[in-house]
Amino acid sequence: MKRLFNPLMAASVVMLASACAKVERIEVKPAKVELSEAGQAVALSARALTKDGEPVEKAELAFTSSDAKVATVDATGKVSAVKSGSASISIKSGEVSATAPVEVVIPSAITVKGAPFTLTGLGSEAVVEAEVQDDAGRPVKTAKLEYSSADANVVEVDGNRLIAKAVGSTTVTATSGKLTQAIEVTVKLPDVDAVAFETVPATLKVGESATLAAVAKGTDGAAIKGVSFTYTTSDEKIATVDASGTVTAVKAGAVTIKAEGGSKATEAKLTIKKK
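Just so we're clear, the structure is a prediction, and the values are computed from it rather than from any experiment.

### Things to note about the overall build of the chain
Point 1. Within the chain, the secondary structure is distributed over one helix and 27 strands.
Point 2. The C-alpha radius of gyration computed for the chain amounts to 40 Å, which surpasses the reference 19 Å derived for 275 residues by more than 25%, pointing to a less compact arrangement than a globule.
Point 3. Taking the principal axes of its C-alpha atoms as reference, the chain extends roughly 150 × 35 × 25 Å.
Point 4. Buried positions account for 32% of the 275 residues belonging to the chain.
Point 5. Of the contacts made within the chain by residues no fewer than 6 positions apart, 51% connect residues no fewer than 24 positions apart.
Point 6. For the chain, the computed accessible surface area is about 16600 Å², with 51% contributed by carbon and sulfur atoms.
Point 7. A gap of 3 Å separates the mean positions of the 32 positive and 32 negative side-chain charges of the chain.

### Examining the sheet that holds strand β9 (residues 96-104)
Point 1. Spatially, the four strands line up as an open sheet ordered β2-β9-β8-β5, and their pairing is mixed. Looking at the sheet topology across the chains shown, the edges are occupied by β2 (33-35) and β5 (62-65). The average undirected angle you get between the axes of adjacent strands in this sheet is 20 degrees.
Point 2. By the bridge criterion, four bridges tie β5 to strand β8 (residues 85-93) in an arrangement that is antiparallel. By the bridge assignment, F63 is partnered in β8 with I91.

### A word on the pairing of strand β25 (residues 246-249)
Point 1. The alternating pattern of β25 places V247 and A249 on a buried face, while none of T246 and T248, on the opposite face, is buried.
Point 2. Judged from the three bridges that link them, strand β21 (residues 209-211) and β25 form a sheet pairing that is antiparallel. Paired with S209 across the two strands is T248, which belongs to β25.
Point 3. Judged from the three bridges that link them, strand β24 (residues 239-241) and β25 form a sheet pairing that is antiparallel. Bridge pairing in β25 places T240 opposite T248.
Point 4. The antiparallel pairing of β24 with β25 creates a hairpin that spans four residues between the two strands, and G245 there sits at a positive phi of about 90 degrees.

### Description of the environment of V132
Point 1. Secondary-structure assignment places V132 in strand β13 (residues 129-134).
Point 2. For V132, a relative accessible area of 2% corresponds to the buried category.
Point 3. Between the C-alpha atom of V132 and that of L179, which follows or precedes it by 47 residues, the distance is 8.7 Å.
Point 4. Beyond its immediate chain neighbours, meaning those up to four positions away, V132 contacts P107, A109, I110, R138, P139, V140, A143, L145, S176 and L179.

Each value, and the rule that gives it
- Residues numbered from 1 in each chain as written.
- Predicted model: local features only at pLDDT ≥ 70, side-chain atom pairs only at ≥ 80, totals over all residues.
- Heavy atoms only, no water.
- Helix = DSSP H or I, 4+ residues; strand = E, 2+ residues; numbered from the N terminus.
- Rg over C-alpha atoms; globule rule 2.2 N^0.38 Å.
- Buried < 20%, exposed > 50% of the residue type's maximum accessible area, 1.4 Å probe, protein only.
- Contact = heavy atoms within 4.5 Å.
- Areas by Shrake-Rupley, 256 points an atom, 1.4 Å probe, with all protein chains shown as cover.
- Lys, Arg positive; Asp, Glu negative; His and termini not counted.
- Charge placed at Lys NZ, Arg CZ, Asp CG, Glu CD.
- Pairing = 2+ DSSP bridges.
- Axes fitted to C-alpha atoms, helices over the stretch in contact; angles between N-to-C directions.

All we've got here are geometric facts, nothing functional implied.
Here it is in structure tokens:
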């Protein structure tokens, strides 16, 4: 007598075997969850498997978070960020469990070391040391920072270097994503220790002109850029001098030209001769 194959009976046997299969391990994807914004969510995909890696279809899975203040997880495995920190999601099926680490890093502020800055001397520089921190006060090492100057005529920015261009004050802004931090920067000149004329002609003939270039020097003897000078003459009937230090001989005689800058002054005596 022949035996007939019954598909329904075969399917029932397979379903029964699957239902009776023992859960030996749990597979979780992704293996690690990284979140960078409050409320951001990632859905975990978890499967209960037999020793041979076959899925246990009707196995019940329970999800729990080790720290709900950092990240929460619902019954479906959706993990949501709350605040910066570390946590782990536990997935259980009976006595078998697996975990998925969660790292929440929410950039919260830009901190700047040494601000506000004062640059002394045109051309002087300062390097900005700044970092992005998350809302737990931890540095966000992967965060990129960019800098911009509100007035490049006063302070120029090159990467994280500040370069003094003119006396004054301006704001340099550090930016990382949606975060910004204003940095006040002031440019001033060094204290002037002395003022001197670079060259002084021995004599000038009536009608001739010459520019007396004044230079300000610091305590180290180095010239200071950016110092403004005021020029005066002891006798305009003999020689005049303009705002740039150009002297024009008017008539024969002796005259003194004075230059003042940075609260210091110097004088030069000129002899004016006839043509």
